[in-house]
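Chain by chain, the residues run as shown.
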Amino acid sequence: MALLKVKFNQKKRVKLAQGLWLMNWFSVFAGILVFSMGLFLKIELRKRSEVMDNSESHFVPNSLILMGILSCAFNGFAGKICYDSLDPAKFAKWKPLLKPYLALCCVFNILIFFVALMCFLMRGSLDSTLAQGLKNGMKFYRDTDTPGRCFMKKTIDMLQIEFKCCGNNGYKDWFEIQWISNRYLDFSSKEVKDRIKSNVDGRYLVDGVPFSCCNPSSPRPCIQYQVTNNSAHYSYDYQTEELNLWRRGCREALLNYYSGMMSSMGAVMLLVWLFEVTL
């Protein structure tokens, strides 16, 4: 639609209306795409909400869903105006609404550009959210008998297997927490007593990791206990056994996964924004 007055003969008017009608319906489909991307991202984030510290990460998918709905509404309405403009009698009722509608379109295009930028800039916020969420999740790993936390072991194990990662920043994070439940410790054992007494907080800490940290590509059976004790295993050096455990932390793995997804969505949003601006 033109911002200034332009005179067209009937033939050019029909071609312009038909062209704009077609472009607006393409924009409706683009709005459906944006809505679908937001819904997909929201579902992906909810899958791992247990290892995220807050709900700030849902700002981007919620914004994408909202922009998708608004895009369908605005462009569907514009398509109706373009269709009615073929008939001067029908178009007359829309004429007073054109300027307010164009002003709303300008605001809408600014919002689309802002959401596209947020897709690229959410990495920092997502990083801190994952770091704290994974830290808390690992602390609750042993609470398999505690209501509200009994699912955490399965969540962390499935996460480490799926993303081929271990711990928050790396496998050594498991050395700093008690991830084995007291239910499976023999407190009459001298080794268990000594480990608990040697810790200020009375926790049972070991240089071991859950089974889900094991790399199935390792040529030898996985060494998940006494990981740093070379003498406890035959022909073993933990500093050179790269294939034994996943070396990458789950924070990095999840951050790369979600950042790549949001960067792709941001690129699509910029394309949608450019298309909207040309209308």
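Values in this document were obtained by computation on a predicted structure and should not be read as measured data.

> Describe in detail the packing of aromatic side chains, supporting the description with residues and values.
This structure, assessed with the given rule, holds nine aromatic pairs. Here Phe113 and Trp273 contribute two aromatic rings whose centre-to-centre distance is 4.9 Å and whose plane-to-plane angle is 45°, an arrangement assigned as tilted. Of this pair, Phe113 sits in helix α4 (residues 98-121) while Trp273 sits in helix α8 (residues 250-278), and the two are 160 residues apart along the sequence. Members of the aromatic cluster, joined through ring pairs, are Tyr141, Trp174, Trp179 and Tyr225. Taking NZ or CZ as reference, Arg149 lies 4.0 Å from the ring centre of Phe140, over its face.

> How would you summarise the packing of α4 against α8 if you had to cite specific residues and measurements?
For the pair α4 and α8, the least separation of the axes is 8 Å and the interaxial angle reads 160°. Of the possible angle classes, the one that applies to α4 and α8 is roughly antiparallel. The hand of the α4/α8 crossing is left-handed. Counted together, Phe108, Asn109, Ile112, Phe113, Val115, Ala116, Cys119 and Phe120 of α4 and Met262, Ser263, Met265, Gly266, Ala267, Met269, Leu270, Trp273, Glu276 and Val277 of α8 form the full contact between these two elements. Split by residue class, the contact of α4 with α8 holds 14 nonpolar, three polar and one charged.

> If you had to explain the nonpolar core to someone new, which residues and values would you point to?
Leu41, Val60, Leu64, Tyr171, Trp174, Val209 and Met269 are the most contacted members of the largest nonpolar core, which has 62 residues in total. Those elements that provide at least two residues to this core are α1 (10-47), α2 (59-84), α4, α5 (123-139), α6 (152-163), α7 (190-197) and α8. In contact with Leu64, other than residues within four places in its own chain, are Val34, Phe35, Met37, Gly38, Leu41, Val115, Cys119, Met265 and Met269.

> Go over the side chain of His233, please, and point to the residues and values.
Among the structural elements, His233 can be located in the loop between α7 and α8. At 3.3 Å, the side chain of His233 forms a polar contact with the backbone oxygen of Tyr225.

> Break down the UniProt feature "transmembrane region" (unreviewed entry) in the chain for me, citing the residues and quoting the values.
Annotation from UniProt places "transmembrane region" (unreviewed entry) at residues 20-41, 101-122 and 255-275. Within the segment residues 101-122, helix and strand shares are 95% and 0% respectively, and the terminal C-alpha atoms sit 31 Å apart. Annotated as 100% helix and 0% strand, the span residues 255-275 places its first and last C-alpha atoms 30 Å apart.

> Account for the pattern of salt bridges, naming residues and giving values.
Tallied over the entire structure, the rule returns 10 salt bridges. Where Asp143 meets Arg142, a salt bridge forms, and the shortest distance between an N and an O atom there is 4.0 Å. When its relative accessible area of 15% is taken as the criterion, Asp143 is described as buried. The exposure class assigned to Arg142 is partly exposed, which follows from its relative accessible area of 26%.

> I'd like a description of the packing of α5 against α8, backed by residues and values.
In helix packing, the relevant descriptors are the interaxial angle and the interaxial distance, both defined with respect to the helix axes. Packing of α5 against α8 leaves a shortest axis separation of 10 Å and a crossing angle of 145°. Crossing angle aside, the handedness with which α5 passes α8 is right-handed. Counting all contacts with α5, which are made through Arg123, Leu126, Asp127, Leu130, Ala131 and Leu134, the residues of α8 involved are Cys250, Arg251, Leu254, Leu255, Asn256, Tyr258, Ser259 and Met262.

> Before we move on, could you go through the state of the cysteines and cite the residues and values that matter?
Under the definition given, this model contains three disulfides. A disulfide bridge connects Cys166 with Cys213, and the sulfur atoms are separated by 2.0 Å. Here Cys166 and Cys213 share a disulfide; its torsion about the S-S bond, 85°, makes the bridge right-handed. Of this pair, Cys166 sits in the loop between α6 and α7 while Cys213 sits in the loop between α7 and α8, and the two are 47 residues apart along the sequence. For Cys214, the disulfide goes to Cys222, at an S-S distance of 2.0 Å. With the S-S dihedral at roughly -75°, the linkage between Cys214 and Cys222 falls on the left-handed side. Judged by relative accessible area, which is 16%, Cys214 ranks as buried. Each bonded cysteine of the chain gets a number by its place in the sequence, and the pairs then read 1-6, 2-3, 4-5.

> Explain the confidence of the model for the chain to me, and be specific about the residues and the numbers.
Put simply, the chain has an average pLDDT of 84, and 87% of its residues get 70 or more. The least confident element of the chain, judged by mean pLDDT, is helix α3 (residues 88-91) at 66; the most confident is α6 at 94.

> Tell me what's going on with α6, and back it up with residues and numbers.
Relative to the 16 Å expected for 12 residues at 1.5 Å per residue, α6 spans 16 Å between its end C-alpha atoms, a close match to the ideal helical length. Taken residue by residue, α6 has Met152, Ile156, Asp157, Leu159, Gln160 and Phe163 as its buried positions. Down the axis, α6 shows its buried residues gathered within 160° of arc, on one side only. Opposite the buried face of α6, by more than 90 degrees, sit the exposed residues Lys154 and Glu162. Among the structural elements, α5 and α8 are those in contact with the buried residues of α6. Trailing α6 by a residue or two, Lys164 shows a phi angle of about 55°, which is positive.

Rules used in this analysis
- Residues numbered from 1 in each chain as written.
- Predicted model: local features only at pLDDT ≥ 70, side-chain atom pairs only at ≥ 80, totals over all residues.
- Heavy atoms only, no water.
- Phe/Tyr/Trp six-rings, centres within 6.5 Å; stacked < 30°, edge-to-face > 60°.
- Helix = DSSP H or I, 4+ residues; strand = E, 2+ residues; numbered from the N terminus.
- Lys NZ or Arg CZ within 6 Å of the ring centre and 35° of its normal.
- Axes fitted to C-alpha atoms, helices over the stretch in contact; angles between N-to-C directions.
- Parallel < 35°, antiparallel > 145°, perpendicular 65-115°, else oblique.
- Left-handed = near helix turned anticlockwise from the far one by under 90°.
- Contact = heavy atoms within 4.5 Å.
- Nonpolar A, V, L, I, M, F, W, Y, C, P; charged D, E, K, R; others polar.
- Core = buried A, V, L, I, M, F, W, Y, C linked by side-chain atoms within 4.5 Å.
- Buried < 20%, exposed > 50% of the residue type's maximum accessible area, 1.4 Å probe, protein only.
- Polar contact = N/O pair within 3.5 Å; in protein donor to acceptor, adjacent residues only side chain to side chain.
- UniProt positions renumbered as here; feature names shortened; annotations may be inferred.
- Salt bridge = Lys/Arg side-chain N within 4 Å of Asp/Glu carboxyl O.
- Disulfide = S-S within 2.5 Å.
- pLDDT = per-residue confidence, 0-100.
- Expected span 1.5 Å × (residues − 1).
- Arc of directions from axis to C-beta.

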